[in-house]
Amino acid sequence: MNQFPIATAFAFPSRAKIFSALETLAIGTAGGLLFVWAGLPGGLISGAMVAVGIAALAGRRLAVPPIMTQTVLVLLGISLGSLASRQLIQHISAYPLTIGLLALATFCSTFGSSLYLQRVHAWDRTSAFLAASPGALSQISILAAERGADVPAIVVVQTLRVIILTAALPLMLSLTGIAPSSPPVAAVATASPRELVELIVAAVAVSLLLRLMKFPASWMFGAMIASSVLHGTGLVEGGLPPWMRGVALVGIGALIGTRFARMKTKTLLGHVHAGLGSFAIAIAISAIFVALIVLTTHVGIANIVVAFAPGAMDAMLALALTLHIDPIFVGAHHLSRFVFVTIATPGIVHLFGRPQEDVDD
């Protein structure tokens, strides 16, 4: 989720943090397995997220240390990259159009949601704009602190959006019959021990290179790029063993759930209506653009829905993996939105947010 310095990422956690991480993963695994047993789509992610979120709100000090976070993201990236094939990039000619529409959808949903927060919940303009910006929570939180915005309220709205999407999107796609019913062959095959070593070494190497270049979501995208190249060139056949993919999915779900560990119940309840309302506005606006693309292109509707979902990039890519949706299409669009939000939000806040002299008072 968050980006960490390389030295911090490889720092060995203390005993207390190890026990906290083990408890987090144990709770997440139990929740994920329960959801899978219940036959819920995307069960490992949503089950782990719900279980850890409930435990965190109940007062458990749950957390995932940086080194474990990066491990989970690398495993997720390798799994996503293993799905790369010529068939999956057949719609690449549509990318410029859909990415352009995604930028416009992001702009419209941000302004629509922020206007709702200002008019209905009397939020100040800066806090409203930052809460309405989809994704890039770390950058948004830093900018909010710098501008004197309501950081807890912003985190609640952003977190609720991710939680709802991660839990509800798989169920919605499954009930409507939109999601593919079976995974690609590459997703089923397991690489040999030698190929697994090659995948992991290449994934870590490319991820470290991207971190040095300050590339966003470098651990996940570095692993995804390395895995895509190895699979696309035929140097590696198959992907991670199912249990490793399961660890990655549970890890992402648990990581999302730990957001509640830093949130007071009173703060959550105080802003839950604002979060739900702004989420509804963002989804309604995004749905208009999804419908437009469905009517004008041949890209699969499931790909478009997940690509345009205003949730965290790693969570949406994890859903693409578990729902057997084109990870290249989804990844390209969420990365584009991450870059767009990171670059455009400070300028939008400067132009339309509270004047800096008001912040300093």
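In this report, we go over the structure that sits alongside the text. (Residues numbered from 1 in each chain as written. Predicted model: local features only at pLDDT ≥ 70, side-chain atom pairs only at ≥ 80, totals over all residues. Heavy atoms only, no water.)

## Some details on the overall build of the protein chain
Scanning the protein chain from terminus to terminus reveals 17 helices and zero strands. Counting only residues that meet the buried cut, the protein chain has 52% of its 361 residues in that class. Taking the contacts inside the protein chain whose residues are at least 6 apart along the sequence as the reference set, 79% of them involve residues at least 24 apart. As displayed, the protein chain has an accessible area near 15,900 Å², and 70% of this comes from carbon and sulfur atoms. (Helix = DSSP H or I, 4+ residues; strand = E, 2+ residues; numbered from the N terminus. Buried < 20%, exposed > 50% of the residue type's maximum accessible area, 1.4 Å probe, protein only. Contact = heavy atoms within 4.5 Å. Areas by Shrake-Rupley, 256 points an atom, 1.4 Å probe, with all protein chains shown as cover.)

## Digging into helix H15 (residues 313–322)
Every α-helix carries 3.6 residues per turn, so stepping three or four residues along brings you back to the same face. Taking burial as the measure, the 10 residues of H15 include nine buried ones, the bulk of the element. Here H15 has its buried residues at Met313, Asp314, Ala315, Met316, Leu317, Ala318, Leu319, Ala320 and Leu321. The first or second residue beyond H15 is His324, which carries a positive phi of 60°.

## Quick word on the environment of Leu319
Within the secondary structure, Leu319 sits in helix H15. If we skip the residues at most four places from it in the chain, Leu319 touches Ile45, Leu165, Thr166, Leu169 and Pro170.

## Structural notes on a nonpolar patch on the surface
Side chains of Leu40, Leu171 and Leu175 sit close together on the surface and give an oily, nonpolar patch of about 280 Å² of accessible area. Within the secondary structure, Leu40 sits in the loop between helix H2 (15–37) and helix H3 (43–57). The exposure class assigned to Leu40 is partly exposed, which follows from its relative accessible area of 35%. (Patch = residues over 30% accessible without salt bridge, like charges linked within 9 Å, V, L, I, M, F, W, Y side chains within 5 Å. Salt bridge = Lys/Arg side-chain N within 4 Å of Asp/Glu carboxyl O.)

## Points about unusual backbone geometry
The backbone phi angle of Ala122 is positive, close to 60°, even though this residue is not glycine. Classification of Ala122 by relative accessible area gives exposed; the value is 65%.

## Brief notes about the environment of Met224
Among the structural elements, Met224 can be located in helix H11 (residues 218–232). C-alpha separation for the pair Met224 and Gly77, spaced 147 residues apart in sequence, amounts to 4.1 Å. Here Met224 is in contact with Gly77, Ile78, Leu80, Gly81, Pro327 and Ile328, once residues within four sequence places are set aside.

## A look at the packing of helix H12 (residues 242–257) against H15
Orientation of H12 relative to H15, taken along the N-to-C sense of each, is 150°, at an axis distance of 10 Å. H15 is crossed by H12, and the crossing has left-handed handedness. Side by side, H12 and H15 meet where Leu249, Ile252 and Ile256 of the first sit next to Asp314, Ala315, Ala318, Leu321 and Thr322 of the second. When the residues that make up the contact of H12 with H15 are grouped by side-chain class, the tally is six nonpolar, one polar and one charged. (Axes fitted to C-alpha atoms, helices over the stretch in contact; angles between N-to-C directions. Left-handed = near helix turned anticlockwise from the far one by under 90°. Nonpolar A, V, L, I, M, F, W, Y, C, P; charged D, E, K, R; others polar.)

## Some points on the packing of aromatic side chains
Taken as a whole, this structure holds two aromatic pairs when the rule is applied. Ring geometry for Phe111 versus Phe129: centroids 5.1 Å apart, planes at 70°, classification edge-to-face. Linking Phe111 in helix H5 (residues 95–121) with Phe129 in helix H6 (residues 125–132), this pair joins segments that are 18 residues apart in sequence. The exposure class of Phe129 is buried, given its relative accessible area of 5%. Through pairs of rings, three or more aromatic residues link up here, namely Phe107, Phe111 and Phe129. (Phe/Tyr/Trp six-rings, centres within 6.5 Å; stacked < 30°, edge-to-face > 60°.)

## So, the side chain of His231
By the element assignment, His231 lies in helix H11. Among the polar contacts listed, one links the side chain of His231 to the backbone oxygen of Ser227, at a separation of 2.8 Å. Residues within four places of His231 in sequence aside, it is in contact with Gly81, Ser82, Leu199, Val236, Glu237, Gly238 and Gly239. (Polar contact = N/O pair within 3.5 Å; in protein donor to acceptor, adjacent residues only side chain to side chain.)

## Regarding the pattern of salt bridges
As enumerated under the stated definition, the model contains two salt bridges in all. Across the salt bridge formed by Glu23 and Arg60, the nearest N and O atoms sit 2.7 Å from each other. You can see Glu23 sitting in helix H2 and its partner Arg60 sitting in the loop between H3 and helix H4 (66–81), a full 37 residues away along the chain. Glu198 serves as the salt-bridge partner of Arg194, at 2.4 Å between the closest nitrogen and oxygen. With Arg194 and Glu198 both in helix H10 (residues 193–212), this residue pair falls four residues apart, about one helical turn. Residue Arg194 is classed as exposed on the basis of its relative accessible area of 53%.

Note that all results are geometric; they support no functional claim without further evidence.
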